[in-house]
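Observations on the model geometry
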Amino acid sequence: MLWRARRMLRKGGAAARKFMPARSSLSNAIYWAVIGFLFLPLFVLVFYSFNAGRQTTWQGFSFVWYQKLVMESPELWHAFSNSIIIAFGSALMSTAIGSLAAVGTARYSFKLKNFVSTMSFIPMILPEIVVGVSLLIFFAGVGLRLGLLTVWIAHTTFNLPFVYLLVSARLDEADPSIVEAARDLGANEMQILFRIILPMALPGILSAFLTAITLSLEDFVITFFVTGPGGTTLPLYIYSMIRFGVSPVINALSAVMVAGTVLLVYPMRNFLKVFAAR
């Protein structure tokens, strides 16, 4: 019986595929053109990180720039460590605040609910230069010295709307009857929050956390306005190197970061798919 059921499923799937529209050659060409546009620069960057010379002409395969990256780049590693500290610190804070804000607006009704939901998206719409200048004026007004602390506050601020959006989208997909059933069974608000709502929102929270890390690592404009002595991040360090010519060491560091990102994101993607299907 099991063998017959599997055979019927295969026949049904084959029949369904016959009625599916075939992908046109134009759509295939557009698809691969977009993929090439996005990923070809990464392959070129990784390729030239193994170039023995400093120029774009190939002069032989070598690990010399990886050696210089590890042994002879203390300032670069200092800037990279600042970026990692700011990225994870701001991502943790923005994810915590943004997730609680999303839960509050999704589950409770209050007078300014629509106003708060609308205003939370303004930092996403405003140009980064406007956000950077406004934060600089604010820090100067309160007498806060520019440095890593101000960079952390700025990154947390512009990460909040993205976290709020992703977690809210996940909560909108949740079944509200589960919360009502838990309340009927005697669960209090804290039990509902930690045992039902947060587990349901966990894929959105993890996605928001990773997005916040990415946005923080790549930010230049806002960081340029709010940084101070000792607060140089990796984008600012690379920008300062442009005056003297960018070293291929940056290619080596970028290749390492790309490999690390793939190794981190691919297992996380599979985990989120499995968890979201539960």
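Our structure's up above, just so we're on the same page.
To keep things clear, this report deals only with the structure shown in the data block. In this text the structure is predicted, and so the values were computed from the model without any measurement.

Digging into a nonpolar patch on the surface
Among the surface-exposed residues, Tyr 108, Phe 110, Leu 112, Phe 115, Val 116, Met 119, Ile 122, Leu 126, Ile 129, Val 130, Val 133 and Ile 137 lie close enough to one another that they form a single nonpolar patch of about 1,100 Å² accessible area. Considering every element that reaches the nonpolar patch, the biggest residue donor is helix 7 (residues 128-142), with four residues. Take Phe 110: it is sitting in the loop between helix 4 (74-107) and helix 5 (113-119). Using a relative accessible area of 39% as the deciding quantity, one classes Phe 110 as partly exposed.

Some points on the nonpolar core
With 21 residues, the main nonpolar core has Val 167, Leu 171, Val 179 and Ile 197 as its most contacted residues. Of all the secondary-structure elements, those providing two or more residues to this core are helix 4, helix 8 (148-172), helix 9 (176-184) and helix 10 (189-218). A total of 11 residues in this core trace back to one element, the largest contributor, which is helix 10. When residues no more than four places from it in sequence are discounted, the contact partners of Ile 197 are Val 103, Arg 107, Leu 171, Val 179 and Ile 192.

Some remarks on the environment of Asp 175
Its place among the elements puts Asp 175 in the loop between helix 8 and helix 9. Separated by 25 residues in sequence, Asp 175 and Met 200 have C-alpha atoms that sit 9.3 Å apart.

Some points on the layout of surface pockets
There is about 740 Å³ of room inside the largest pocket. Lining the largest pocket are 23 residues, and of these Ile 213, Thr 214, Leu 217, Met 257 and Thr 261 sit closest to its centre. Contributions of two or more residues to the lining of the largest pocket are made by helix 4, helix 10, helix 12 (234-241) and helix 13 (249-276). Residue contributions to the lining of the largest pocket peak at nine residues, all from helix 13.

Points about the packing of aromatic side chains
For any pair of aromatic rings, the description consists of the separation of the ring centres together with the inter-plane angle of the planes. Applying the stated criterion to the full structure yields 14 aromatic pairs. Ring centres of Phe 50 and Phe 63 lie 5.6 Å apart, and the angle between their planes is 90 degrees; on these two criteria the pair is classed as edge-to-face. Placement of the pair is Phe 50 in the loop between helix 2 (25-48) and helix 3 (64-71) and Phe 63 in the loop between helix 2 and helix 3, with a sequence separation of 13 residues. Joined through ring pairs, the aromatic side chains of Phe 50, Phe 61, Phe 63 and Tyr 66 make up one cluster.

What to know about the pattern of salt bridges
Scanning the model with the defined rule gives one salt bridge in all. Between Glu 72 and Lys 68 there is a salt bridge, with the nearest N and O atoms lying 3.5 Å from each other. For Glu 72, a relative accessible area of 52% puts it in the exposed group. Take Lys 68: its relative accessible area is 27%, and that puts it in the partly exposed class.

Rules of the game
- Residues numbered from 1 in each chain as written.
- Predicted model: local features only at pLDDT ≥ 70, side-chain atom pairs only at ≥ 80, totals over all residues.
- Heavy atoms only, no water.
- Patch = residues over 30% accessible without salt bridge, like charges linked within 9 Å, V, L, I, M, F, W, Y side chains within 5 Å.
- Areas by Shrake-Rupley, 256 points an atom, 1.4 Å probe, with all protein chains shown as cover.
- Salt bridge = Lys/Arg side-chain N within 4 Å of Asp/Glu carboxyl O.
- Helix = DSSP H or I, 4+ residues; strand = E, 2+ residues; numbered from the N terminus.
- Buried < 20%, exposed > 50% of the residue type's maximum accessible area, 1.4 Å probe, protein only.
- Core = buried A, V, L, I, M, F, W, Y, C linked by side-chain atoms within 4.5 Å.
- Contact = heavy atoms within 4.5 Å.
- 1 Å grid on protein atoms, 1.4 Å probe; cavity = no way out; pocket = protein on both sides within 12 Å on 5 of 7 lines; lining within 4 Å.
- Points joined across faces, edges and corners; volume = space filled by probe spheres on them.
- Phe/Tyr/Trp six-rings, centres within 6.5 Å; stacked < 30°, edge-to-face > 60°.

That is the geometry; function is a separate question.
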